Amino acid sequence: MSNFAIVAREDFSDVTYLLEVQHPLMAKAARAGQFVIVMSTEHGERIPLTIADFDRKKGTITLVIQAVGKTTREMQQDCKVGDSLYAVTGPMGIPSHIDKVKKVACVGGGLGVAPIFPHARAFKEAGAYVIGIVGFRNKKLMFWEDKFKKYCDEFIVCTDDGSAGIKGLITEGIKQAIEKHPDLDEVVAIGPPIMMRGCAEATRPHNIKTIVSLNPLMVDGTGMCGGCRVKLGDEIKFACVDGPDFDGHKVDFDDLMTRLKRFVPEEKAALQRWSATCRMKNEIHAEPTLAAALAAMAEMPVESPGLPDPYEDVGGG
């Protein structure tokens, strides 16, 4: 198995971080809307991550990750410049359709701001008029403003507290764009399910095509396990091979959000066990016996580390 070097890292907040990974073949093949499956270590969990950027000249791909579970928290702690990822599989999924769009709004809420960037760039390079709409909880959490402005003809920021741009949810930015541009051809939205549903409902009365990028539970990424199935009306699709882009006006978001919470107890238990082990390592400095290590672990309280809920609404979203 090849190792993929981490050549850059940036921390946007206490729980959000960027990894730039050396992978020339992936960078050459990647398209807007696609994702990868990553293993940080040989025995690590396989996790799907949307490609937030790619640089064909440098031969790198960029991943923006939120530490919401055991594996992403472990990666936040361990993945540094000079280290490497054990496996990066992809690019996976069907690339987003970019051609034949004259005017488009690219909408990203919270962590969804990162993966919407390749869409904005691709649409602009294809000759479209691009309106970028992004949402955050507050100004301090904002990132990539300059990157977006380089490719967006208009750029709208929404924040919960009004510290930047429009005060309110990201749907306020969509309403503003529709009022100013009644000839808007398409909206592409990426973010938490509740935010994407809000975007779809904001465009529905105007009959504007709305594409959402779904990231349901995923195991193999080849359509075999069925874990990433989503409902579109009476149809069943698999996000890994049929998506991740789908018609936002057809997605059953209630079913999607229910399925996303299916393994929350197990995920929290895994995170708690890992957190307890980390505390034990920090507190035991000498070389302990096995009995001493187990005793120390047993005495440590195992409580939730208070990470953000990945399924709740995101500020600005």
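To be clear, the structure that these remarks concern was listed above.
These lines cover the structure that appears in this document, whether it is placed above or below. (Residues numbered from 1 in each chain as written. Predicted model: local features only at pLDDT ≥ 70, side-chain atom pairs only at ≥ 80, totals over all residues. Heavy atoms only, no water.)

## Overview of the overall build of the chain
Spelled out, the test is: Per the convention used, a helix needs a DSSP run of H or I reaching at least four residues, while a strand needs a run of E reaching at least two, with both numbered from the N terminus. When accessible area is computed with a 1.4 Å probe and restricted to protein chains, residues below 20% of their type maximum are described as buried, those above 50% as exposed, and intermediate ones as partly exposed. The criterion used for residue contact is that any of the two residues' heavy atoms lie within 4.5 Å. The Shrake-Rupley method, run with a 1.4 Å probe, gives the accessible areas here. Residue values count only the displayed protein chains as cover.
On a plain count of helices and strands, the chain comes out with 10 helices and 17 strands. The burial tally for the chain puts 50% of its 317 residues in the buried class. A separation threshold of at least 6 residues defines the contact pool for the chain, and within that pool the share at least 24 residues apart is 68%. Entry remark: accessible area of the chain is about 15,500 Å², with carbon and sulfur atoms responsible for 51%.

## Quick notes on helix 6 (residues 193-203)
For helix 6, the set of buried residues is Pro 193, Met 195, Met 196, Cys 199, Ala 200, Ala 202 and Thr 203. Where helix 6 is buried, its residues contact strand 9 (103-109), helix 5 (170-180), strand 13 (186-190), strand 14 (209-213) and helix 8 (253-260).

## What to know about the packing of aromatic side chains
Quick note on the threshold: Here a pair means two rings of Phe, Tyr or Trp (six-membered ring of Trp) with centres within 6.5 Å. Their orientation is stacked below 30 degrees between planes, edge-to-face above 60, and tilted elsewhere.
The tally for this structure, following the rule as stated, stands at 8 aromatic pairs. Centre to centre, the rings of Phe 117 and Phe 148 are 5.5 Å apart; their planes meet at 80 degrees, and the pair counts as edge-to-face. In this pair, Phe 117 is assigned in helix 3 (residues 113-125) and Phe 148 in helix 4 (residues 145-151), connecting sequence segments 31 residues apart. A relative accessible area of 1% means that Phe 148 is categorised as buried. A ring pair is formed by Phe 136 and Phe 143, whose centres lie 5.5 Å apart and whose planes are at 70 degrees; its orientation type is edge-to-face. Considered together, Phe 136 and Phe 143 belong to a single accessibility category, that of buried residues. Joined through ring pairs, the aromatic side chains of Phe 12, Phe 117, Phe 136, Phe 143, Trp 144, Phe 148, Tyr 151 and Phe 155 make up one cluster.

## Observations regarding the nonpolar core
Note the following rule: The term nonpolar core refers to a set of buried residues drawn from Ala, Val, Leu, Ile, Met, Phe, Trp, Tyr and Cys, joined through side-chain atoms within 4.5 Å.
In this structure, Val 107, Ile 133, Leu 214 and Phe 253 are the most contacted members of the largest nonpolar core, which totals 35 residues. Listed in part, the 31 residues of the second largest apolar core include Phe 136, Trp 144, Val 157 and Ile 211.

## Some thoughts on the side chain of Glu 154
As a reminder of what qualifies: Any pair of N or O atoms that falls within 3.5 Å is considered a polar contact. Within protein, one atom must be able to donate a hydrogen and the other to accept it, and sequence-neighbouring residues count only if both atoms are side-chain atoms.
Within the secondary structure, Glu 154 is located in strand 11 (residues 154-159). Within the structure, the side chain of Glu 154 is placed 2.6 Å from the side chain of Tyr 129, a separation counted as a polar contact. Of the polar contacts made by the side chain of Glu 154, one reaches the side chain of Lys 180; its length is 3.5 Å. Not counting chain neighbours up to four residues away, the residues in contact with Glu 154 comprise Tyr 129, Val 130, Ile 131, Gly 132, Lys 180 and His 181.

## Overview of the sheet that holds strand 17 (residues 245-247)
Condition: Paired strands, as defined in this entry, are two strands with at least two bridges between them according to DSSP. Comment: axis = line fitted to C-alpha atoms, over the contacting stretch for helices; angle = value between 0 and 180 degrees taken between N-to-C directions.
Spatially, 7 strands are ordered 12-11-10-9-13-14-17 in an open sheet, and the strand pairing comes out mixed. The outermost strands of the open sheet, each flanked by one partner alone, are strand 12 (166-167) and strand 17. Bridge count between strand 9 and strand 10 (residues 129-136): 7 bridges; the pairing is parallel. The partner of Gly 109 across the bridge, within strand 10, is Gly 135. In this fold helix 5 packs onto strand 9, strand 10, strand 11 and strand 12, with an angle of close to 160 degrees to the strand it touches most, strand 10. Where helix 6 meets the sheet, it contacts strand 9, strand 13 and strand 14, and its direction lies at approximately 165 degrees from that of strand 13.

## A closer look at helix 5
Stated formally: Throughout, the arc means the angular range of directions from the helix axis out to the C-beta atoms.
The set of residues buried in helix 5 consists of Ile 170, Thr 171, Gly 173, Ile 174, Ala 177 and Ile 178. Each buried residue of helix 5 lies within a common arc of 150 degrees when the element is viewed along its axis, so the set occupies one face. Projecting away from the buried face of helix 5 at angles above 90 degrees are the exposed residues Glu 179 and Lys 180. Lining the buried residues of helix 5 we find strand 9, strand 10, strand 11, strand 12 and helix 6.

## Brief notes about the packing of helix 6 against helix 8
Put simply, the test is: Orientation is classified from the angle alone, with under 35 degrees giving roughly parallel, over 145 giving roughly antiparallel, 65 to 115 giving roughly perpendicular, and any other angle giving oblique. Gly falls in the polar group here, along with every residue not listed as nonpolar (Ala, Val, Leu, Ile, Met, Phe, Trp, Tyr, Cys, Pro) or charged (Asp, Glu, Lys, Arg).
Their axes nearest at 10 Å, the elements helix 6 and helix 8 cross at an angle of 175 degrees. Our classification of the angle between helix 6 and helix 8 gives roughly antiparallel. Facing helix 6, whose interface residues are Pro 193, Ile 194, Met 196 and Arg 197, helix 8 presents Phe 253, Asp 254, Leu 256, Met 257 and Leu 260. For the contact of helix 6 with helix 8, a count of residues per class yields 7 nonpolar, no polar and 2 charged.

## Structural notes on the pattern of salt bridges
The cut-off we apply is this: The salt bridge definition used is simple: a Lys or Arg side-chain nitrogen within 4 Å of an Asp or Glu carboxyl oxygen.
All chains considered together, the criterion is met by 15 salt bridges. With its nearest N and O atoms 3.7 Å apart, the salt bridge here joins Glu 172 to Lys 175. Separated by 3 residues within a single helix, Glu 172 and Lys 175 lie in helix 5, roughly one turn from each other. Judged by relative accessible area, Glu 172 falls into the partly exposed class, the value being 35%.

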